[in-house]
Amino acid sequence: MTRGEDVRILVDYDLFDINVKGMTGVFLKTDDVSGKSLVRFWINGEWGEFSEGQFERVEPGHVPEKNRK
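Rules behind the numbers
Residues numbered from 1 in each chain as written. Predicted model: local features only at pLDDT ≥ 70, side-chain atom pairs only at ≥ 80, totals over all residues. Heavy atoms only, no water. Helix = DSSP H or I, 4+ residues; strand = E, 2+ residues; numbered from the N terminus. Buried < 20%, exposed > 50% of the residue type's maximum accessible area, 1.4 Å probe, protein only. Phe/Tyr/Trp six-rings, centres within 6.5 Å; stacked < 30°, edge-to-face > 60°.

**Section: unusual backbone geometry**
Trans is the common state for peptide bonds, and a negative phi is the common state for residues other than glycine. Here F16, not a glycine, exhibits a phi torsion of approximately 55°, which is positive. One can find F16 in the loop between β1 (6-9) and β2 (24-30). The exposure class assigned to F16 is exposed, which follows from its relative accessible area of 62%. A positive phi is found at D17, a non-glycine position, where the angle reads about 70°. When you line up the elements, D17 lands in the loop between β1 and β2.

Next comes the structure, spelled out in structure tokens:
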């Protein structure tokens, strides 16, 4: 996966009282220890950790302009 790609969450996941299921976040990296993907959400600026299968790539390999920073 490419850093900055949009990913859509497929499972219920409580991120500080916000269920991010169905929301789009920004892929950052895969953690070396846990093997989970770190995803940041614009809605509250927080990070979540997701296993493979808990999210889908919106446009594989494409990094939207807003995510480039």
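Read on for the rest.
**As for the environment of G4**
Turning to its location among the elements, G4 is positioned in the segment before β1. As a C-alpha pair, G4 and N67 span 63 residues in sequence and 5.3 Å in three-dimensional space.

**With respect to the packing of aromatic side chains**
Going through the model one piece at a time under the given rule, you end up with two aromatic pairs. Their ring planes at 45° and their centres at 4.3 Å tell us that Y13 and F50 sit as a pair that is tilted. With Y13 in the loop between β1 and β2 and F50 in strand β4 (residues 47-50), the pair connects residues that are 37 residues apart, well separated along the chain. Between F41 and F50, the aromatic rings sit 6.1 Å apart at their centres with planes inclined by 70°, giving edge-to-face as the arrangement. Take F41: its relative accessible area is 0%, and that puts it in the buried class. Given a relative accessible area of 0%, F50 falls into the buried group. Through pairs of rings, three or more aromatic residues link up here, namely Y13, F41 and F50.

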